[in-house]
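Structural description and commentary
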Amino acid sequence: MLIFISGKITGDDNYKAKFDKAQKELESQGHKVLNPTDIVPADIPYNKQMHICLKLIKVADSVYFLEDWGESKGARIEMKKALMLGKRICIEGV
């Protein structure tokens, strides 16, 4: 399964380690992972970052939301997109 990871990035100094940990766990279960912290350039405008993330969700089979996703405007938008597209949704810790 191809899984996109979603969670809080802005304002979280530990975001990269958090996303990488989730990626390793999902890959250990045999999944292919779309990790936006590896794919999306951090030095482009936010609206372009979100555009890329929403396109990645479109091609993913599932979206894995880190437990802090509700604290992120972008992750909340990603949740709406995933629901609209009928993607399988998994939430860390649930």
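Before any of the text, the structure's been laid out above.
Just so we're clear, the structure is a prediction, and the values are computed from it rather than from any experiment.

Here we take up the pairing of strand β4 (residues 88-91). One ladder, built from 4 bridges, connects strand β3 (residues 62-65) with β4; its direction is parallel. Pairing of S62 across the sheet is with R88, part of β4. In this fold, the crossover linking β3 to β4 by way of helix α4 (residues 73-84) has right-handed handedness.

If you walk through the whole model with that rule in mind, you get 5 salt bridges. We note a salt bridge from D12 to K18, for which the minimum N-O separation is 2.5 Å. No difference in accessibility class separates D12 from K18, as the two residues are buried. Salt-bridge contacts for D38 lead to K16; the nearest nitrogen and oxygen are separated by 2.2 Å. Remark: K16 occurs in helix α1 (residues 15-28) and D38 occurs in helix α2 (residues 36-39); sequence separation between them is 22 residues. Residue D38 is classed as partly exposed on the basis of its relative accessible area, which comes to 48%. According to the relative accessible area criterion, K16 is partly exposed, its value standing at 31%. It is possible to trace a salt-bridge network through shared partners that takes in D12, K18 and D68.

What counts, and at which threshold
- Residues numbered from 1 in each chain as written.
- Predicted model: local features only at pLDDT ≥ 70, side-chain atom pairs only at ≥ 80, totals over all residues.
- Heavy atoms only, no water.
- Pairing = 2+ DSSP bridges.
- Helix = DSSP H or I, 4+ residues; strand = E, 2+ residues; numbered from the N terminus.
- Right-handed = clockwise from strand over helix to strand, strands pointing away.
- Salt bridge = Lys/Arg side-chain N within 4 Å of Asp/Glu carboxyl O.
- Buried < 20%, exposed > 50% of the residue type's maximum accessible area, 1.4 Å probe, protein only.

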